[in-house]
Amino acid sequence: MIDNGLPEGWELVVGLEVHVELATKTKLFSGSPNRFGDEPNTNIDPVTLGLPGALPVLNQHAVELAMRIGLALNCTVKPSTFHRKNYFYPDLSKAYQITQYDEPLNVDGFLMLPGGVRIGVERAHMEEDTGKSTHFGGAGGRIHGSEYSLIDFNRAGVPLVEIVSHPDVRTAEQARQYVNELRAILVAVGASDAKMEEGSMRCDANVSVRKYGAELGTRCEIKNVNSVRSLGKAIEYEARRQIDVLETGGTIRQETRHWDETDGRTHTLRAKVDANDYRYFLEPDLVMLAPDAEWVERVRAALPVLPAARRTNLAVLTGAEEDSEAVAVVVERGQDTYIEEVKNSGGDPGRALVWVQQSFAEEGNAPRLPAKDLAALTVLERDGKLTATQAKTVLGDMLEAGGGDPAAIAATKGFEALDTSVIEGFVDEGIAAQPDAWAKYCAGEEKAMGALVGTIMKLSKGKADGKVVTAILQQRRGS
Amino acid sequence: MSNFTSAISIAQNVASGAQSAASVVEEHLQRINQREEEVHAFNLVTSEEARERAGDLDARIARGENVGPLAGVPIALKDNMCTRGVPTTCSSKILEGWKPPYNATVVDKLFAAGAVFVGKTNLDEFAMGSSTENSAFGPTRNPLDTSRVPGGSSGGSAAAVAAGFAAVSLGSDTGGSIRQPAALCGVVGVKPTYGLVSRYGLVAFASSLDQIGPFSHSVADAALLTEIIAGHDPMDSTSIPKPAPSLVSVLGRGVEGMRIGRVADLPEGADADVLARLDAAFIALEKAGATIVDVKLPSLSYALTAYYLIAPAEASSNLARYDGVRYGNRVAANDMNTMYADTRAAGFGDEVKRRIMLGTYALSAGYYDAYYGKALKVRRLISDDFAAAYVNADVILTPTSPTVAFPFGAKTDDPLTMYLCDIFTIPTNLAGHPAMSVPFGTGQANMPVGVQILAPTLGEEAMFKVAAVLESAA
């Protein structure tokens, strides 16, 4: 039985709905720019504003990105239609949202979590985003009780894909892994920058609990989760809330709940009975979207290697664990191909992984430092010509200069390989200088080694390799 | 045939310099001055813009430029087509004063062809009606007898042509809104195949049914106008991706050997005078060498019911945007929902409210399958019936309207009697087919009767051939 952090006997059941903004140049149904952060109401046109007589025209590039998402999630691409979802709200300019309803573009896929758990993907469909309302005065940013509201229609009509999972997620950690992995895939296929903080990726969780083996419980939909961390916390809170209700004889009401980051709780937003009747019907201004097989295969063939496969490749290349943080981080940054180049330039891929993880956070997927230079550095290090500390200093200079010969930089800094015999001499001096520490160390007090190593390093002016010093000390003690 | 100069003649005269565009415009503005107060065809007469435009055209012609096939032709536009910087109201208080920042595609096409816009014509509010009595700005009167309605919803456009205020005009047809007023005002009216003419910039009533088309005195003018406004528009996803058809060139080819369908199970309700003219039309076509064949359209009797679910359902969604938030009139209130409710209560007339409620109901959870869903099935049956009929017939002839133009108030007490005006025109819209009304003599009170020619998808050529023969036999 899986550890879900819940009281004995309770199973957590979660399905996730993730909205991502597509990285298109223009909007889903008009030619206005799809750009975040511009002056309000500058990226608008008659279609975006829902002016009388304006008509939507589907953005072909958005369809292609949506197909990339579906295919990367192992979905089947099907002939699909658009519907109108009707409701009144000031930032919904037409008073309906154009969305795919009963015939979505992508269906029946799955996503494998890094640990090997398979999460089913029910559908990944296309829809348009709404404008953004901001309410001023009155009660806490809500429209009710506010003095006035401003609407920015720049976001209206931005293409979205909603990815709906099956309720296959069983722990909060799996939910976090799902979102992280999904984000990595979205970025890898170039469909979205998938930034939860900027709202280009938004996640709702359908949470329910049940006793193992029982029927599915009533679910609550959790909204306003703005980070992967919050997602985990919100699911954990909500599961415990539901268990508390059930264990004290209550029942769960199907409702939408709002995650409050400040108090770490979920609060009722609206009950199911109050839900809108959206009066969905086929959008008569658009025709069926049925990508032909040739187009689908072209998109499939052009998909890049996905993060999971890249992690496996990098682990094999570097000897690191597939689920290690170094592998995950480097693949996420897209720097795995760089490490491959370092290896092809004769470098040590294992050392390269360490340096890239530690020092290349700002570099992106095409680091400025030539791969051959990092390769040379890792060779010096592997051959004992530079200590790790020295190598780090040299790398710092190389990164700043955008390249360079590490051996030459090491020479100008007076970094040179110390023979073991020379280090032996420093060890002698160190023991002589710290007789008490040496006695304690010999008596089995491992902590005392720190003082000895520190003294010896100081005597060598940092040129001795700490690992070698430790080895000599251990050897002298006879352990 | 009327005694007004045709658009084709005007364009020839203006282009050749035989007559100036300015004098043509003045001639039409003078007629407007004389009779507009009585007829009320227009919501707005753009006389200054028209004069300026005519002067510009004359200057270009003087420089030897070819200004297009509609050189100097005065045209009226139904006031539900967007015109940049010129108010577009749909004869509704909710849009009163709204000026679109863009032109409908048809407006750009007419302008490029050298036309001169003389005004925006009155209509039943948001094109919902059959008499133009539902306009928020007062009814239009039939120029042939001002005690009678001009039909609707494009009553203003039909009246403008019939009264000689414009040589030709554009209307929109969702369930008969071009053909029925054309019949009642004694002019030609065409509803092209759905998707032949771009809907971009036409304020939507029922998106899957709406289609723009021309009014004119002659079949040839209607053919020319249809050619000019037709053709693929990338701004309208439902626009047919084909070039505009050539229609003027088919006129005069006759109907020799054509098969003209007579509906054996035609729904009842047409007056005897109207049916008499239909019979005369069959005889005229037979004389011209066509064969009359009987066709059956059994699902036709359900068309009206299906239409009054589908059109209001789409309208309820299309008209939801008039919420007072971004444009048009707003009734201020202390909270959002009250503002919505008060704005829409004050801004919409009774017929529009009636249809929004009908449509909202038809789409509601729990009722969708019984109403909207079933109506879609009927729509498919009607298309199937037509497909079967067109195996044996090239075109089908029916009455356009069951009656001649009726007096004001005759049908306003019971919406259902008004809805029956469109019993012969609605099936075409449900099938997406083309149809047109051609004047063919007179009936009661010496008022005109129109004969309707129906054709299959993109069957405009056959339709216009038949229309030309009927015109010369009328």
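Residues numbered from 1 in each chain as written. Chains lettered and ligands numbered in written order. Predicted model: local features only at pLDDT ≥ 70, side-chain atom pairs only at ≥ 80, totals over all residues.

Draft legend 1. Representation of the overall build of chain A in the model. Counting secondary structure elements, chain A contains 15 helices and 14 strands. Here chain A has a C-alpha radius of gyration of 29 Å; the compact-globule value for 479 residues is 23 Å, and the former is much larger. For the C-alpha atoms alone, the extent of chain A along its principal axes is close to 90 × 55 × 50 Å. Relative to its full complement of 479 residues, chain A shows a buried share of 43%. Contacts in chain A between residues at least 24 apart in sequence constitute 67% of all its contacts with a sequence separation of at least 6. (Helix = DSSP H or I, 4+ residues; strand = E, 2+ residues; numbered from the N terminus. Rg over C-alpha atoms; globule rule 2.2 N^0.38 Å. Buried ≥ 20, exposed ≤ 12 C-beta atoms within 10 Å, placed from the backbone. Contact = placed C-beta atoms within 7 Å.)

Draft legend 2. Representation of the overall build of chain B in the model. Scanning chain B from N- to C-terminus turns up 15 helices and 11 strands. Scaling as 2.2 N^0.38, a compact globule of 474 residues should have a C-alpha radius of gyration of about 23 Å, and chain B matches this with 21 Å. Along the longest, intermediate and shortest principal axes, the C-alpha atoms of chain B span 65 × 55 × 45 Å. The 474 residues of chain B split such that 61% are buried. Across chain B, the fraction of contacts at a sequence separation of at least 24, relative to all contacts at a separation of at least 6, is 76%.

Draft legend 3. Quick peek at the interface of chain B and chain A. In this assembly, 33 residues from chain B lie in contact with 26 residues from chain A. Elements with a minimum of two residues in the side of chain B that touches chain A: helix 9 (303–318), helix 10 (336–347) and helix 11 (350–363) of chain B. By residue class, the composition of the side of chain B that touches chain A is 19 nonpolar, 8 polar and 6 charged. (Nonpolar A, V, L, I, M, F, W, Y, C, P; charged D, E, K, R; others polar.)

Draft legend 4. Expanded view of the sheet that holds strand 3 (residues 116–121) of chain B. Residue and element names in this part refer to chain B. In space, the 11 strands of this open sheet follow the order 1-3-2-4-6-5-10-11-9-7-8, with mixed pairing throughout. For this open sheet the edge positions go to strand 1 (42–45) and strand 8 (291–295), each flanked by a neighbour on one side alone. Each strand of the sheet is rotated relative to its neighbour by a mean of 30 degrees, with strand direction disregarded. Bridge analysis of strand 5 (residues 188–191) against strand 10 (residues 435–442) gives 3 bridges, and the strand direction is antiparallel. (Pairing = 2+ DSSP bridges. Axes fitted to C-alpha atoms, helices over the stretch in contact; angles between N-to-C directions.)

Draft legend 5. Representation of the domain arrangement of chain A. Partitioning chain A into structural domains gives domain 1 (10–299), domain 2 (307–412) and domain 3 (420–477). One C-alpha centre belongs to domain 2 of chain A, the other to domain 3 of chain A; they are set 30 Å apart. (Domains from an automatic or database assignment.)

Draft legend 6. Here's a closer look at helix 9 of chain B. Between its terminal C-alpha atoms helix 9 of chain B stretches 22 Å, which fits the 22 Å expected from 16 residues at 1.5 Å a residue. With respect to burial, helix 9 of chain B is a largely interior element, 14 of its 16 residues being buried. (Expected span 1.5 Å × (residues − 1).)

Draft legend 7. Summary view of the nonpolar core. Core analysis: the biggest nonpolar cluster contains 229 residues, and Ala66, Ile69 and Ala205 of chain A together with Val73, Val395, Ile453 and Val466 of chain B have the highest contact counts within it. Element by element, the count of residues in this core is highest for helix 2 (residues 172–188) of chain A, at 10 residues. The residues touching Ala205 of chain A, leaving out its near neighbours within four places in the chain, are Val14, Leu16, Ala175, Ile222, Val225, Leu231, Ala234 and Ile235 of chain A. Counting 29 residues, the second-largest nonpolar core is a separate cluster that includes Val327, Val342, Ala391 and Met398 of chain A. (Core = buried A, V, L, I, M, F, W, Y, C linked by C-beta atoms within 7 Å.)

Draft legend 8. Summary view of the environment of Glu314 of chain B. Mapped onto the secondary structure, Glu314 of chain B falls in helix 9. Judged by C-beta crowding, with 28 C-beta atoms within 10 Å, Glu314 of chain B ranks as buried. Spatially, the C-alpha atoms of Glu314 of chain B and Ala362 of chain B are 10.0 Å apart, while their sequence positions differ by 48 residues. Filtering out sequence-adjacent residues up to four positions away, Glu314 of chain B remains in contact with Pro284 of chain A together with Ala206, Ser207, Ser208 and Gly359 of chain B.

Draft legend 9. Spotlight on the environment of Asp405 of chain A. Mapped onto the elements of the fold, Asp405 of chain A is located in the loop between helix 10 (388–401) and helix 11 (406–412). Put simply, Asp405 of chain A and Asp373 of chain A are 32 residues apart on the chain and 6.3 Å apart in space, counted from C-alpha to C-alpha.

Draft legend 10. Broad picture of the pairing of strand 11 (residues 448–454) of chain B. Residues and elements named next belong to chain B. Strand 11 sits mainly inside the fold: 7 of its 7 residues count as buried. Every second residue of strand 11 is oriented toward a common face, with Pro448, Gly450, Gln452 and Leu454 on one face and Val449, Val451 and Ile453 on the other, all of them buried. Here strand 9 (residues 395–399) runs beside strand 11; their pairing, made up of 4 bridges, is antiparallel. From the neighbouring strand, Leu397 faces strand 11, where its bridge partner is Ile453. In the sheet, strand 10 pairs with strand 11 via 6 bridges, with the strands oriented antiparallel. Directly across from Val438, in strand 11, lies its bridge partner Val451.

Draft legend 11. Representation of the packing of helix 7 (residues 336–344) of chain A against helix 9 (residues 371–382) of chain A in the model. Residue and element names in this part refer to chain A. At a minimum axis separation of 8 Å, helix 7 and helix 9 run at an interaxial angle of 65 degrees. Crossing of helix 7 over helix 9 shows right-handed handedness. Contacts from Tyr338, Glu341 and Val342 in helix 7 reach Ala371, Leu374, Ala375 and Thr378 in helix 9. Broken down by class, the residue content of the contact of helix 7 with helix 9 amounts to 5 nonpolar, 1 polar and 1 charged. (Left-handed = near helix turned anticlockwise from the far one by under 90°.)

Draft legend 12. Looking closely at the environment of Cys185 of chain B. As for its placement among the helices and strands, Cys185 of chain B is situated in helix 6 (residues 179–185). Residues in contact with Cys185 of chain B, not counting those within four places in the same chain, are Asn142, Pro143, Leu144, Pro150, Gly151, Ala158, Ala159 and Ala162 of chain B.

Draft legend 13. Quick peek at the packing of helix 14 (residues 448–459) of chain A against helix 15 (residues 466–477) of chain A. Residue and element names in this part refer to chain A. Contact geometry for helix 14 and helix 15: axes closest at 10 Å, N-to-C directions at 125 degrees. The angle between helix 14 and helix 15 falls in the class oblique. Viewed along their axes, helix 14 and helix 15 form a crossing whose handedness is right-handed. Contacts between helix 14 and helix 15 involve Met449, Leu452, Val453, Ile456 and Met457 from the former and Gly466, Val469, Thr470 and Leu473 from the latter. (Parallel < 35°, antiparallel > 145°, perpendicular 65-115°, else oblique.)

Draft legend 14. Broad picture of the confidence of the model for chain B. Mean pLDDT over chain B works out to 97, with 100% of the residues at or above the 70 mark. Complex prediction metrics read pTM 0.90 and ipTM 0.96. (pLDDT = per-residue confidence, 0-100.)

Draft legend 15. Quick peek at unusual backbone geometry. In this chain, Gly152 of chain B is followed by Ser153 of chain B through a cis amide linkage whose omega measures 10 degrees. Within the element layout of this structure, Ser153 of chain B appears in the loop between strand 3 and helix 5 (155–162). If you check the backbone angles, Asn74 of chain A has positive phi at about 60 degrees while not being a glycine. For Arg279 of chain A, which is not a glycine, the phi torsion comes out positive at approximately 45 degrees. By the element assignment, Arg279 of chain A lies in the loop between strand 13 (265–271) and strand 14 (281–282).

Draft legend 16. Layout of helix 4 (residues 105–112) of chain B. Thr105, Val106, Val107, Lys109 and Leu110 of chain B are the residues of helix 4 of chain B that are buried. Along its buried surface, helix 4 of chain B packs onto strand 2 (74–78), strand 4 (168–173), strand 6 (211–216) and helix 7 (219–229) of chain B.

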